[in-house]
Amino acid sequence: MVVLDAARKQALRRELSALLGKGSVLSEPEELLVYESDGLVLFRALADFVVFPTSTEQVAAVVKLANRESLPFVARGAGTGLSGGCLPAEGGLVISLMRMNRVLEVDYDNQIAVVEPGLVNLHLSWAVGPKGFYFAPDPSSQQACTVGGNIANNSGGPHTLKYGVTVNHVLGLEVVLPDGEIMWLGGRTREAQGYDMAGLFVGSEGTFGIATKIVVRILKQPQAVKTVLAVFDSIEQASKAVSAVIARGLIPAAMEMIDQLTIGAVEDAFGCGYPRDAAAALLIELDGLREGMEAQAERVMAACRDCGARDVRAARDEAERQLLWKGRKSAFGAYGHISPAYMVMDGVIPRTRLPEVLRRVNEIVASYGLRVGNVFHAGDGNLHPNILYDPRVPGEEARVVAAGGEILKVCADVGGSISGEHGIGLEKVDYMSLIFSEADLDYMGRLRDAFNPRNLCNPGKIFPSRKACGESGPAYRPHPIEEKGLAQRF
Amino acid sequence: MPASPLDALRGIVGPAHVLTGVDCGPYVVDGRTPEAVALPGSKDEVAAVLLAAAEAELPVTPWGGGTKMGIGNPPQRLGLVLALKRLNRLLEHEPGDLTATVEAGITLGALQRELGGRGQWISLDPAHADEATLGGILSSNAAGPRRHLYGSCRDLLIGVTVVTAAGALVKGGGKVVKNVAGYDLPKLFIGAFGTLGVVVEATVKLRPRPDADRLVVARFAQLKEAGAAARAVMGSDLLPSALDLVDGETLRALALGGPDGAALLIGVDGIPEQVAWQCAEVEHLLRPQGLADARVLDGDARDAAWRARGGLGRGAFAETAAVMKWVVLPAQVADVMEQGAAVAQRAGLIAALAAHAGVGVVEAVLAGARAGDATAIAGVLTEWRALVRAAGGQALVESAPLAVKERVPVWDDPGPALRIMQRIKSQFDPAGLLNPGRFVGGI
């Protein structure tokens, strides 16, 4: 951490304003507060500056200045991340990319688009929608999160079951490397000679540099979509149905599970038509050719019935389908109506282990005297236990964190992973050793050094920093919105 | 090679699994015979072999089925070939998870047979399935026609275990389909040709085997028409699993007609209703595009056609002079094929050209009466590269005689990103012992 004295800060502010223009630099404490956390309010850190470049060259100039001054810097999109990944390293610069939000080019013949990192995910699908295309990665926060943020975390969403995560849709990136050099990794074609630099960059959580232009694949909208809701009297049955659908040779576009507590919250808040007394519901979506769609839906519904579903129905029309999805996508918001706060966890397990792992998750959370709501990408085995708590109760938050750690250990023990889409960020640095050996982590550390030898580019993320050993993180202070029980994470 | 490293190798893998002298014959690379071949039987043995090689400063070239060993700059020194064929087991397969973990030396054919017995497959279909190993397929980033719908190695590899140059076992990714913990090391090893570590295990995504699987051969009088037809398919509601554009010479090699005209090879698979609809729809869609005729192949005829298509590099001509891989934008495929054929013709050579039209990957096979003329062949490859680069793409020499490789660089220039690639290489193989000098930019 570099502490800037007032005179130096003033000088740097003037220099940054000269580089970026008036209104592009924040440095007053009350302005900086907005950028002290992402969607995970457990961690906060204040930057010295937040800057808003509008071009690759401006990003490069800022990064070069940061290097000259040995200041840490971090890129930030919409701030919807859930692992503290875009927090500054206490001081230094936050480089907000929200003003670089254009669709630069769409090439329908080759089914690619070139976009800036600050473009909101959903806006890309809106831009290409009129010509019958869309951008497949769809995190639940897609109305707010940016494509650049999706790149940083390789985030997914409900439709990754069939269409893969963000990296499966990225061909090339123009990046500003940690030393300020501008470079293309990959390109517009499907392959580039040498190591797969674009593939490697995606998911590096901002530690390899800053993407300033992104070449993505756009897909033709499916001819037909069919959405099925299956209702179960036990989580066990619903979990078994997930594997049963796959066992019948089907790969749905999405298979989402929502448990009883979450159904109650959603119905309280939005009234989406989920049965309140169900132990769990599965939302299964098929897409593709119109021909054969009915036959596939029948197969899915039969698999659910065989696993004990008490009710299985397909959405009759688009309005009903949208309502079912609204319930799923607004579940996180709905928790705000039944709990002052909650912590959304993110772990992955082999989907055949769902029944036992969900049981363990519920036992762990109960053992801490807390409640949990589960709403997650069941088809991918990507769990999101949401632990409800009250930050005003002393010690409750520490219990949440401890329960979360136990849940991650269960995920690791059954052969899973500690993050499916949120990233490691600051949140999970200490859990990396659950799934990676010293040798694995050393290898990854060397890779970071190849890109980021001075470690000024988003330091302290992903890996437990040896230097920081023994130091504790920034102290937790509840956010004002959280104190009012309105904390909303996507 | 001095006796002591050989003794060390024999001590690790057993004397029967170290080859020297004439026994190394099957492992020649660009005319060079390795000093020794080691065939370890486990990943721990691989680690011990690499450690011993590092101590002896012996360059190591990993070897799967050998089908892609023609790719790369000629080795300066071919030290130890590390053959992985004894690591050939399917380690884990849980059908409900649609994932499998395998040893790197298992052949694709063997793996598909094991998975097929349980109704699943890995959706990769590069050529020579009974020779190509999964480790080799990943290391050379090989893919076949069905990458059109199902993606390439990059979309299917979710976890990898490698042995580093220093003999350490390192794991990246995991065993679950969705995982963002840590850097995506699996991406780093795809297409790295063993220059950063030796892949010993891989975890991959699987798919259910489709109920029905057919191949529509849609023929056209002109390559240009077939190219336009490919774009029409891409712009339509059709969801073919493969969309290959082949020229007349390729059709002749596939025994499907030729050497005139061109065709689209359209794979359709899925549930029977979908397959039937797509076969009919292809005809409707392509009739206004100049479709001459369409044949639907199934069963053995389908398999034979796809096999011949994959084996084009070896099977198109009695004597193949060189094979090149071009990567361009999908919309440019037909144009570069047409120009490429004209270049070969002007030089008095013949080319068979076949493309994964939807992804923009073209296989260009060169042959003819002047096939022994290194200067003429090098001239064509150089012109081909220039026209591919002019179209914004890249060209790779997949195989050519040494005399041609001396005249034409195997790789295209990867551009400024080479700087980072070299840094990665020096981080992981500082002594430069893993397949040294054979990769892009002399890595």
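Okay, so let's go over this structure. (Residues numbered from 1 in each chain as written. Chains lettered and ligands numbered in written order. Predicted model: local features only at pLDDT ≥ 70, side-chain atom pairs only at ≥ 80, totals over all residues. Heavy atoms only, no water.)

## What about the overall build of chain B?
Line of reasoning, step 1. Counting secondary structure elements, chain B contains 16 helices and 19 strands.
Line of reasoning, step 2. Its C-alpha radius of gyration of 22 Å places chain B within 12% of the 22 Å reference for a compact globule of 443 residues.
Line of reasoning, step 3. Taken along its principal axes, the extent of the C-alpha atoms in chain B is 70 × 55 × 40 Å.
Line of reasoning, step 4. Within chain B, buried positions represent 62% of all 443 residues.
Line of reasoning, step 5. For chain B, contacts bridging at least 24 residues in sequence account for 70% of all contacts bridging at least 6. (Helix = DSSP H or I, 4+ residues; strand = E, 2+ residues; numbered from the N terminus. Rg over C-alpha atoms; globule rule 2.2 N^0.38 Å. Buried < 20%, exposed > 50% of the residue type's maximum accessible area, 1.4 Å probe, protein only. Contact = heavy atoms within 4.5 Å.)

## Topic: the interface of chain A and chain B
Line of reasoning, step 1. Each side of the interface is counted separately: chain A has 86 residues, and chain B has 76 residues.
Line of reasoning, step 2. Buried area between chain A and chain B, summed over both chains or domains, comes out near 6700 Å², and the portion from carbon and sulfur atoms is 58%.
Line of reasoning, step 3. When residues of chain A are sorted by the area they lose upon contact with chain B, A:Q193, A:Y195 and A:Y443 head the list and together hold 16% of the total.
Line of reasoning, step 4. Between the two partners, chain A and chain B, sit eight salt bridges. (Buried area = accessible area lost by both parts, 1.4 Å probe. Salt bridge = Lys/Arg side-chain N within 4 Å of Asp/Glu carboxyl O.)

## Considering the environment of A:A378
Residues and elements named next belong to chain A.
Line of reasoning, step 1. Examined against the element boundaries, A378 turns out to sit in the loop between strand 18 (371-376) and strand 19 (382-383).
Line of reasoning, step 2. For A378, a relative accessible area of 0% translates into the label buried.
Line of reasoning, step 3. Sequence separation of A378 and E256 is 122 residues, and the distance between their C-alpha atoms is 5.2 Å.
Line of reasoning, step 4. Once residues lying within four places of it in the same chain are set aside, the contact partners of A378 are V242, M255, E256, M257, L282, R351 and L354.

## Details of the side chain of B:T161
Residue and element names in this part refer to chain B.
Line of reasoning, step 1. Inspection of the secondary structure puts T161 in strand 8 (residues 157-163).
Line of reasoning, step 2. When its relative accessible area of 12% is taken as the criterion, T161 is described as buried.
Line of reasoning, step 3. Apart from the residues within four sequence positions on either side, T161 is in contact with L169, V170, K171, V198, V199, V200 and E201.

## Comments concerning the sheet that holds strand 5 (residues 90-94) of chain B
Residues and elements named next belong to chain B.
Line of reasoning, step 1. On the basis of which strands lie adjacent, the open sheet formed by five strands has the order 5-6-10-8-9 and antiparallel pairing. Edge positions in the open sheet fall to strand 5 and strand 9 (169-173), since each of these has one partner strand only. Across the sheet, the axes of successive neighbouring strands diverge by a mean angle of 10 degrees, strand direction being ignored.
Line of reasoning, step 2. Pairing of strand 5 with strand 6 (residues 99-103), which is carried by four bridges, proceeds in the antiparallel orientation. (Pairing = 2+ DSSP bridges. Axes fitted to C-alpha atoms, helices over the stretch in contact; angles between N-to-C directions.)

## Structural notes on the sheet that holds strand 16 (residues 341-344) of chain A
All names here are of chain A.
Line of reasoning, step 1. In space, the seven strands of this open sheet follow the order 15-12-14-13-18-20-16, with antiparallel pairing throughout. In the strand order of this sheet, the two ends are held by strand 15 (311-314) and strand 16, each with one partner. Between one strand axis and the next, the sheet turns through 20 degrees on average, direction left out of account.
Line of reasoning, step 2. Pairing of strand 12 (residues 224-232) with strand 15 involves four bridges; the strand directions are antiparallel. Bridge pairing in strand 15 links L229 to R313.

## Considerations on the pattern of salt bridges
Line of reasoning, step 1. The final tally for this structure, using the stated rule, is 63 salt bridges over all chains.
Line of reasoning, step 2. A salt bridge links B:K178 to A:D380; the nearest nitrogen and oxygen atoms lie 3.8 Å apart. Separated into two different chains, B:K178 in the loop between strand 9 and helix 7 (185-189) and A:D380 in the loop between strand 18 and strand 19 make up a pair that spans both. You'll find B:K178 and A:D380 in the same group, each marked buried.

## Regarding helix 1 (residues 3-13) of chain B
Residues and elements named next belong to chain B.
Line of reasoning, step 1. Of all the residues in helix 1, the buried ones are P5, L6, L9 and V13. All buried residues of helix 1 lie within an arc of 100 degrees about the axis, which places them on one face of the element. Seen from the open side of helix 1, the exposed residues pointing more than 90 degrees away from its buried face are A3, S4 and G11.
Line of reasoning, step 2. At its buried positions, helix 1 is contacted by strand 1 (18-19), strand 2 (36-38), helix 2 (43-55) and strand 4 (80-83).
Line of reasoning, step 3. One or two positions beyond helix 1, positive phi appears at G14, with a value near 90 degrees. (Arc of directions from axis to C-beta.)

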